[in-house]
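The residues making up each chain are set out below.
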Amino acid sequence: MSDYTQLIEQIPHRRTDPAWLEENRQQAFDAAKTLLLDNQWEPAADILIYLLPVLVKHPTFKQWGRLTEAVFKITPFYASNGFDGETTEPYVGKFIFQKSEAPKQLPTKTVRRKRLLTHHTQVLEMYLMLLAAKYFKHPHDLDERLVQDILEFARAINAPQINAKLYQILAYIYAYAGEGHHAIRLGELAYHYYQAKKDDLEIAQSACAVSLGYTKLNQPQTAQSWADVAAAAFKQTQYSNKNCT
């Protein structure tokens, strides 16, 4: 990896420079692929986390999407179809990620071999899993410039349910970083979306994020009220014994 070290160090600071990105895009792809082949999912995920948002409209995005799937498949979360609190405790505690069903393929007259996914919404979904995997453990490493890139990435793909999951994930990251106001704002956005959808599991997890935000602001009564909302929603799911602690 020594050949790629300098490039990888530049990615966080140079990624939004179009000329630099076009000159180094293929080398960055090769670096992530080399890390993948070495079974090093975390540094490979770092490259993807930084670059996918600025490549979403690039003609090579499907190629990057297939690489994202390949990296996701060597993470500890693939076997459980996403995050599951029972099997990934060291990484994300009790957080649960419900993977959505794959979008239906358009009919075709040509019989083709089965391909890796290239659908933008699924790429975004796995991107969020990688985002949570890294920044739940290292919440202070997430900078605001990257957050804005990620929000633009999600808006470009325009999948409301996954956008809400992004707000929820960011709420947890901000809470873990001690930034209660941001956690509450984003957690409530996710909560109201999922409440309208009557998705009890996501209602519960969003309410937990809000509760954690109020805890960080030293408002225990409000935090407990949101924790009670979460507990009631969890009881309507297969995770009926879960709570916000």
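Calculation criteria
- Residues numbered from 1 in each chain as written.
- Predicted model: local features only at pLDDT ≥ 70, side-chain atom pairs only at ≥ 80, totals over all residues.
- Heavy atoms only, no water.
- Helix = DSSP H or I, 4+ residues; strand = E, 2+ residues; numbered from the N terminus.
- Contact = heavy atoms within 4.5 Å.
- Areas by Shrake-Rupley, 256 points an atom, 1.4 Å probe, with all protein chains shown as cover.
- Expected span 1.5 Å × (residues − 1).
- Buried < 20%, exposed > 50% of the residue type's maximum accessible area, 1.4 Å probe, protein only.
- Axes fitted to C-alpha atoms, helices over the stretch in contact; angles between N-to-C directions.
- Parallel < 35°, antiparallel > 145°, perpendicular 65-115°, else oblique.
- Left-handed = near helix turned anticlockwise from the far one by under 90°.
- Nonpolar A, V, L, I, M, F, W, Y, C, P; charged D, E, K, R; others polar.
- Bend = angle between axes of the 7 residues up to and from the residue.
- Phe/Tyr/Trp six-rings, centres within 6.5 Å; stacked < 30°, edge-to-face > 60°.
- pLDDT = per-residue confidence, 0-100.
- Disulfide = S-S within 2.5 Å.

Visitor: I tried to follow the overall build of the chain on my own but got confused; where do I start?
Guide: Broken down by element type, the chain carries 11 helices and zero strands. The secondary structure elements of the chain, listed N-terminal to C-terminal, are α-α-α-α-α-α-α-α-α-α-α. Contacts spanning at least 24 positions in sequence make up 67% of the contacts within the chain whose residues lie at least 6 apart. Summed over all atoms, the accessible surface of the chain reaches about 12800 Å², with 48% contributed by carbon and sulfur.

Visitor: Is there a simple way to explain helix H8 (residues 160–176) in this structure?
Guide: Residue pairs three or four apart in sequence face the same way in an α-helix, which turns once every 3.6 residues. End to end, H8 covers 24 Å across 17 residues, agreeing with the expected 24 Å (1.5 Å per residue, within 8%). Of all 17 residues that make up H8, 13 are buried, and the element is covered over most of its length. Among the residues trailing H8, glycine 178 stands out with phi positive, at a value near 85°.

Visitor: How should I be thinking about the environment of isoleucine 11 in this particular structure?
Guide: Tracing the chain through its elements places isoleucine 11 in helix H1 (residues 5–14). Sequence separation between isoleucine 11 and tyrosine 50 is 39 residues, and the spatial gap between their C-alpha atoms is 7.1 Å. Those residues in contact with isoleucine 11, other than ones at most four positions away along the chain, are Trp20, Ala28, Ile47, Tyr50 and Leu51.

Visitor: Would you take a moment to explain the packing of helix H3 (residues 41–55) against helix H4 (residues 61–72) for this structure?
Guide: The description of two helices packed together rests on the angle between their axes and the distance between the axes. Contact geometry of H3 with H4 gives a least axis separation of 10 Å together with a crossing angle of 150°. Overall, the two elements H3 and H4 adopt an arrangement that is roughly antiparallel. Classified by chirality, the crossing of H4 by H3 is left-handed. Counted together, Trp41, Ala44, Ala45, Ile47, Leu48, Leu51, Leu52 and Leu55 of H3 and Phe61, Trp64, Leu67, Thr68 and Val71 of H4 form the full contact between these two elements. When grouped by side-chain class, the residues that make up the contact of H3 with H4 number 12 nonpolar, one polar and no charged.

Visitor: Please clarify how helix H2 (residues 18–37) should be interpreted in this entry.
Guide: Helix length check: H2 (20 residues) gives 28 Å between terminal C-alpha atoms against 28 Å at 1.5 Å per residue, within 8%. Along its length, H2 reaches its greatest deviation from straightness, about 50°, at asparagine 24. For H2, the complete set of buried residues consists of Trp20, Leu21, Asn24, Arg25, Ala28, Phe29, Ala31, Ala32, Leu35 and Leu36. Elements that come into contact with the buried residues of H2 comprise H1, H3 and H4.

Visitor: Hey, could you run me through unusual backbone geometry in this one?
Guide: You will see that lysine 198, though not glycine, has its phi angle at about 60°, which is positive. Structurally, the position occupied by lysine 198 is in the loop between helix H9 (180–197) and helix H10 (200–216).

Visitor: I would appreciate a short explanation of the packing of aromatic side chains in the present structure.
Guide: Two aromatic rings are characterised by how far apart their centres lie and by the angle between their planes. The final tally for this structure, using the stated rule, is eight aromatic pairs. Each ring, one from phenylalanine 61 and one from phenylalanine 153, has its centre 6.2 Å from the other, and the planes form 70°; the classification is edge-to-face. Of this pair, phenylalanine 61 sits in helix H4 while phenylalanine 153 is found in helix H7 (residues 144–157), placing the two residues 92 residues apart along the sequence. Judged on exposure class, the residue phenylalanine 61 and its partner phenylalanine 153 are both buried. Grouping aromatic residues by their ring pairs yields a cluster made of Phe61, Tyr127 and Phe153.

Visitor: Even after reading the chapter, I still don't get the confidence of the model for the chain, so can you show me in this structure?
Guide: Interpretation of the predicted coordinates at a detailed level should be avoided for regions scoring low in pLDDT. Looking at the chain as a whole, its pLDDT mean stands at 84, while 82% of the residues score no less than 70. Within the chain, H9 carries the highest mean pLDDT (97), whereas helix H5 (residues 89–92) carries the lowest (38). Below a pLDDT of 50 lies the segment residues 81–94, which in the model reaches 38 contacts outside its immediate sequence neighbourhood of four places, other chains included. Note that residues 102–118 has pLDDT below 50 and, in this model, 17 contacts with residues that lie over four places away or in other chains.

Visitor: How should the state of the cysteines be read in this particular structure?
Guide: Taken as a whole and judged by the stated rule, the model has one disulfide. Paired through a disulfide, cysteine 208 and cysteine 244 show a sulfur-sulfur distance of 2.1 Å. Taking the sign of the torsion about the S-S bond as the criterion, the disulfide between cysteine 208 and cysteine 244, at about -90°, is left-handed. Taken together, the residues span a long stretch of sequence, with cysteine 208 in helix H10 and cysteine 244 in the segment after helix H11 (220–234) at a distance of 36 residues. With a relative accessible area of 7%, cysteine 208 lands in the buried category.

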